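The primary structure of each chain is shown beneath.
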Number of protein chains: 2
Amino acid sequence: MTTCETAAYLKGIDRVLILTHARPDGDTVGSAAALCQALRDLGKQAYMLPNPEITATYAPYAAPYWAPDGWKPEHVVAVDVADKKLLPGNAAPYAAAIDLAIDHHGSHRFFAPNVCLDAEAAAAGEVVYDIIRDLTTLTPAIALPLYVAIATDTGCFVYANTTDRTHRIAAELLSVLDGAKVASVNKALFRTKSRARLAMESRMVADMEVYDDGRIVVMKIPLSLRTEMHAAEADIEELSSLAALVEGSDCGITLRQLKEDTVKISVRSGSRIDASAVCARLGGGGHKGAAGATVEGSMDEAKVAVLRAVAEVTEER
Amino acid sequence: MTTCETAAYLKGIDRVLILTHARPDGDTVGSAAALCQALRDLGKQAYMLPNPEITATYAPYAAPYWAPDGWKPEHVVAVDVADKKLLPGNAAPYAAAIDLAIDHHGSHRFFAPNVCLDAEAAAAGEVVYDIIRDLTTLTPAIALPLYVAIATDTGCFVYANTTDRTHRIAAELLSVLDGAKVASVNKALFRTKSRARLAMESRMVADMEVYDDGRIVVMKIPLSLRTEMHAAEADIEELSSLAALVEGSDCGITLRQLKEDTVKISVRSGSRIDASAVCARLGGGGHKGAAGATVEGSMDEAKVAVLRAVAEVTEER
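Quantities reported herein were computed from a predicted structural model and do not represent experimental measurements.

## What about the sheet that holds strand 9 (residues 262-269) of chain A?
Residue and element names in this part refer to chain A. The strand order across the open sheet formed by six strands is 6-7-8-9-11-10, and the pairing between neighbours is mixed. Lying at the two open borders of the sheet, with one neighbouring strand each, are strand 6 (209-211) and strand 10 (285-286). Bridging between strand 8 (residues 251-259) and strand 9 involves eight bridges; their strand directions are antiparallel. Paired with Arg256 across the bridge in strand 9 is Lys264. Each of strand 6, strand 7 (216-221), strand 8, strand 9 and strand 11 (290-296) is contacted by helix 13 (residues 299-316), which is oriented at about 150° to strand 8, the strand it contacts most.

## Points about the interface of chain A and chain B
Taken residue by residue, the interface counts 36 residues in chain A and 36 residues in chain B. Across the chain A to chain B interface the summed buried area is about 3200 Å²; carbon plus sulfur atoms make up 63%. Counting the surface chain A buries against chain B, the share from its top three residues, His167(A), Arg191(A) and Leu245(A), is 20%. Where chain A touches chain B, the interface holds two salt bridges. Where Glu172(A) meets Arg168(B), a salt bridge forms, and the shortest distance between an N and an O atom there is 3.9 Å.

## Observations regarding the pattern of salt bridges
Side chains carrying opposite charge are able to pair once their charged atoms draw close together. All names here are of chain A. Using the criterion set out here, one finds 38 salt bridges over all chains in the structure. Of the charged contacts in the structure, one is a salt bridge between Lys193 and Glu201, with a shortest N-O distance of 2.9 Å. For Lys193, a relative accessible area of 18% translates into the label buried. With a closest N to O distance of 3.3 Å, Asp212 and Arg215 form a salt bridge. Residue classification places Asp212 among the partly exposed positions, given a relative accessible area of 35%. Overall, the relative accessible area of 35% leaves Arg215 in the partly exposed class.

## Side note on the packing of aromatic side chains
Here the structure, examined in full by the defined rule, presents five aromatic pairs over all chains. Summarising the aromatic geometry, the rings of Phe157(A) and Phe157(B) are spaced 6.2 Å apart at their centres and angled 75° between planes, so their arrangement reads as edge-to-face. Here Phe157(A), found in the loop between helix 6 (140-153) and helix 7 (164-175), pairs with Phe157(B), found in the loop between helix 6 (140-153) and helix 7 (164-175), and the two come from separate chains. Of the residues examined, Phe157(A) reaches a relative accessible area of 0% and is grouped as buried. Judged by centre distance (6.1 Å) and plane angle (45°), the ring pair of Tyr147(B) and Phe157(B) falls under tilted. A residue pair is termed long-range when its members are at least 10 positions apart, and Tyr147(B) in helix 6 and Phe157(B) in the loop between helix 6 and helix 7 qualify at 10 residues. Three or more aromatic residues joined by ring pairs form one cluster here, namely Tyr147(A), Phe157(A), Tyr147(B) and Phe157(B).

## Quick notes on the sheet that holds strand 2 (residues 46-48) of chain B
Two orientations exist for strands paired in a sheet by backbone hydrogen bonds: parallel and antiparallel. Residues and elements named next belong to chain B. As summarised here, the arrangement of the five strands in space is 2-1-3-4-5, forming an open sheet in which the pairing is parallel. On the outer flanks of this sheet lie strand 2 and strand 5 (114-117), each paired with one strand and no other. Averaged over all adjacent pairs, the angle separating strand axes in this sheet is 20°, with direction ignored. When strand 1 (residues 16-19) meets strand 3 (residues 75-79), the two strands line up parallel, connected through four bridges. Each bridged residue has a counterpart across the sheet, and for Ile18 the counterpart in strand 3 is Val77. Docked against the sheet, helix 2 (residues 26-41) engages strand 1, strand 2, strand 3 and strand 4 (98-103), running at close to 165° with respect to strand 2. Strand contacts of helix 5 (residues 124-133): strand 3, strand 4 and strand 5, with the helix running at about 115° to strand 4, the strand carrying the most contacts.

## With respect to the relation of the copies chain A and chain B
You can overlay chain A on chain B at an RMSD of 0.0 Å; the transform is a turn of 180° with a shift of 0.0 Å along its axis. The superposition of one copy onto the other is thereby described by a two-fold rotation axis. Here 100% of the interface residues in chain A have copies in chain B that are interface residues too; the copies meet face to matching face.

## Here we look at helix 6 of chain B
Residue and element names in this part refer to chain B. Given a rise of 1.5 Å per residue, 14 residues ought to cover 20 Å, and the 20 Å separating the end C-alpha atoms of helix 6 matches this to within 8%. Counting buried positions along helix 6 yields 12 of 14 residues, so the element is predominantly enclosed. For helix 6, the full list of buried residues reads Ile142, Ala143, Leu144, Pro145, Leu146, Tyr147, Val148, Ala149, Ile150, Ala151, Thr152 and Asp153. Lining the buried residues of helix 6 we find helix 2, helix 3 (59-62), helix 5, helix 7 and helix 8 (179-190). Of the residues one or two after helix 6, Gly155 is the one with positive phi, at around 60°.

## Some words on the nonpolar core
Grouped together as the largest cluster of nonpolar side chains are 108 residues, with contacts concentrated most on Leu35(A), Tyr147(A), Leu35(B) and Tyr147(B). The contacts of Leu35(A), once residues within four sequence positions are left out, are Leu10(A), Ile18(A), Val77(A), Val79(A), Ile102(A), Val128(A), Ile132(A) and Leu135(A). Judged by nonpolar contacts, the second largest core, of 23 residues, contains Val218(A), Val263(A), Val267(A) and Val313(A).

## Some points on the domain arrangement of chain A
Residue and element names in this part refer to chain A. According to the domain assignment, chain A consists of domain 1 (3-190) and domain 2 (195-316). The centre of domain 1, based on its C-alpha atoms, is set 27 Å off from the matching centre of domain 2. The interface is formed by eight residues belonging to domain 1 together with nine residues belonging to domain 2. Summed over both sides, the interface of domain 1 with domain 2 buries roughly 630 Å², with 42% coming from carbon and sulfur. The largest contributions to the domain 1 side of the interface with domain 2 come from Arg23, Thr55 and Tyr159, which together make up 56% of the buried area. Here domain 1 is connected to domain 2 by one salt bridge. The closest approach of N and O atoms between Arg23 and Glu233, which form a salt bridge, is 3.6 Å. The interface formed by domain 1 and domain 2 contains zero residue pairs in polar contact (both at pLDDT 80 or more).

## Here we look at the packing of helix 6 of chain A against helix 8 (residues 179-190) of chain A
All names here are of chain A. Here helix 6 crosses helix 8 at 35°, and the two axes come no closer than 11 Å. In terms of crossing hand, the pair formed by helix 6 and helix 8 is right-handed. Taking contact as the criterion, the partners of Leu144, Tyr147, Val148, Ala151 and Thr152 in helix 6 are, on helix 8, Lys181, Val182, Val185, Asn186, Leu189 and Phe190. Counted by class, the contact of helix 6 with helix 8 contains eight nonpolar, two polar and one charged residues.

## A few points about empty space enclosed by the protein
Throughout the structure, instances matching the rule amount to two cavities of 30 Å³ or more. What lines the largest cavity is a set of 13 residues, and nearest its centre among them are Leu198(A), Glu201(A), Ser202(A), Glu201(B) and Ser202(B). Of all the elements in the fold, those that place two or more residues in the lining of the largest cavity are helix 9 (195-206) of chain A together with helix 9 (195-206) of chain B. Partitioned by chemical class, the residues of the lining of the largest cavity number seven nonpolar, two polar and four charged. In this structure, the second largest cavity encloses a volume near 40 Å³. Among the residues making up the lining of the second largest cavity, the classes are represented as seven nonpolar, three polar and no charged.

Rules used throughout
Residues numbered from 1 in each chain as written. Chains lettered and ligands numbered in written order. Predicted model: local features only at pLDDT ≥ 70, side-chain atom pairs only at ≥ 80, totals over all residues. Heavy atoms only, no water. Pairing = 2+ DSSP bridges. Helix = DSSP H or I, 4+ residues; strand = E, 2+ residues; numbered from the N terminus. Contact = heavy atoms within 4.5 Å. Axes fitted to C-alpha atoms, helices over the stretch in contact; angles between N-to-C directions. Buried area = accessible area lost by both parts, 1.4 Å probe. Salt bridge = Lys/Arg side-chain N within 4 Å of Asp/Glu carboxyl O. Buried < 20%, exposed > 50% of the residue type's maximum accessible area, 1.4 Å probe, protein only. Phe/Tyr/Trp six-rings, centres within 6.5 Å; stacked < 30°, edge-to-face > 60°. Least-squares fit on C-alpha atoms with pLDDT ≥ 70 in both. Expected span 1.5 Å × (residues − 1). Core = buried A, V, L, I, M, F, W, Y, C linked by side-chain atoms within 4.5 Å. Domains from an automatic or database assignment. Polar contact = N/O pair within 3.5 Å; in protein donor to acceptor, adjacent residues only side chain to side chain. Left-handed = near helix turned anticlockwise from the far one by under 90°. Nonpolar A, V, L, I, M, F, W, Y, C, P; charged D, E, K, R; others polar. 1 Å grid on protein atoms, 1.4 Å probe; cavity = no way out; pocket = protein on both sides within 12 Å on 5 of 7 lines; lining within 4 Å. Points joined across faces, edges and corners; volume = space filled by probe spheres on them.

So, in structure tokens, the structure goes:
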């Protein structure tokens with residue numbers, strides 16, 4: 001479906017429940033909140049399914065739209081969800097009833113009868129922006145979460161997915177927003193680090209491992225580090241971008257121990273290595289430049305597994 | 001002068017030498033390079049005065065435009081220079097002959113007979129963009145240094161000076177640029193840190209001092225740290241933004257020891273404290289949110305001086 005057709009479809013339905021993905025980021029939350037507000041502006045009932053994994057960073061954008069207990073939707077829309085298995089646990093009762101999926105992942109699994117997919121979009125927020133422009137007037141209540149969506153998925157317009165379209169949309173959003181408000185959002189999202197986070201980063205830098213003449217950097221977040229630094233979930237968000245910062249490297253790997261025998265692997269790569277191909281070998285997926293997988297085993301076992309996957313993917317070329 | 005009038009003025013002159021400021025950043029270098037290229041596209045002779053303090057980060061944008069030894073200009077233009085005393089030493093022979101100043105600093109000192117000043121612009125690059133649009137066609141050779149100028153002064157669209165106009169100009173620039181090229185510029189400028197720099201940041205975090213219930217953070221770069229980490233000038237660029245990152249603080253102060261008895265003070269502040277007022281008390285200046293001063297004395301003396309200045313400025317309110 002085009003964004004035009006999606007807007008027409010949305011105009012024809014009511015009592016809409018919007019689903020976000022597990023480990024929610026600014027794109028899924030901001031896109032869902034903006035869409036929810038736009039539907040309400042059209043006089044419809046619309047809510048977001050409360051996401052149990054929401055962090056303090058994004059809760060302010062989502063909480064006003066949480067569906068009350070027992071509210072029954074007629075239609076279900078998933079936003080920024082590439083695969084049904086990426087939904088949070090409490091979405092299970094709705095997973096088979098999703099009418100529409102709005103997404104920007106090239107790896108989208110087409111689990112809904114109606115799909116509005118634009119894999120060229122830097123963020124689901126860009127797709128939702130186009131839909132909303134066909135639905136209703138752009139207001140600050142819509143523009144702010146959309147800004148959060150787009151800014152989050154582009155690292156504030158710095159990642160390679162940022163295009164002229166991204167900046168053009170940002171200009172439209174900022175034109176209806178208070179500059180001081182946007183500045184405070186940017187400050188909170190991109191220019192603030194807790195002392196716990198700064199201390200964790202410090203340690204990750206001190207303990208980093210370097211392979212392949214410096215082209216591959218591995219950073220580790222063992223359970224013990226998080227405990228020691230009294231770090232909350234929000235302190236750990238986006239920590240996986242740190243490994244990709246190191247000069248001379250084009251493959252930053254972060255190993256985060258979720259449980260004693262479970263490790264979340266994040267891979268951020270340049271054009272030489274396809275991160276999604278690496279993570280696909282480990283049962284995960286994502287984008288070419290940023291992907292992830294969760295594996296069983298110790299931190300050392302995860303490290304060997306991901307380095308082997310990188311070697312295999314680079315040999316194939 | 002408006003940007004229109006400035007374009008008309010530039011059309012009427014030839015043999016133009018463009019001056020950048022001391023400790024050149026992406027804005028002064030990128031704006032000057034773009035203007036130089038635009039004048040050449042009009043068939044004029046134009047050069048930039050070689051800036052002896054250029055770092056490896058920005059040299060690629062400037063070096064192709066350096067004036068050859070002995071080249072004699074007929075006209076001199078200063079870009080992003082708020083005050084003649086901010087010119088590098090080798091600009092002295094031209095300082096009295098500046099015909100036109102193009103700038104965006106509210107603190108501009110009107111040292112030239114013709115001044116094109118827009119203190120609302122996030123970067124001199126925005127002003128130069130408007131001028132160039134009245135001069136010639138936007139080409140990649142012009143758009144790339146302008147992108148560097150604007151991205152640098154806005155921290156890649158994250159600082160409070162970023163407006164809808166900033167994004168609109170960025171969209172125009174990206175529309176003529178190769179996306180992969182912009183991505184590699186962003187990666188180099190904003191997503192790469194040398195190991196020396198990461199190690200310095202680690203130490204600055206470990207040694208930071210916190211005042212006023214955490215609202216003021218002081219970080220230090222003693223001469224010894226730089227020596228120990230074998231840090232080049234490019235490793236130190238923008239290190240002063242680190243202190244402003246700490247959660248709960250709205251005033252980040254960085255003390256950098258330039259010589260045994262000389263300290264460069266950088267202040268980054270939120271709306272509560274006017275950084276330019278603080279630095280004015282120490283003989284410096286800048287913007288409300290980011291300012292600097294250079295003082296004589298030890299690191300401890302500099303720290304006391306700047307904390308006293310902050311106290312005085314906040315008491316006045």
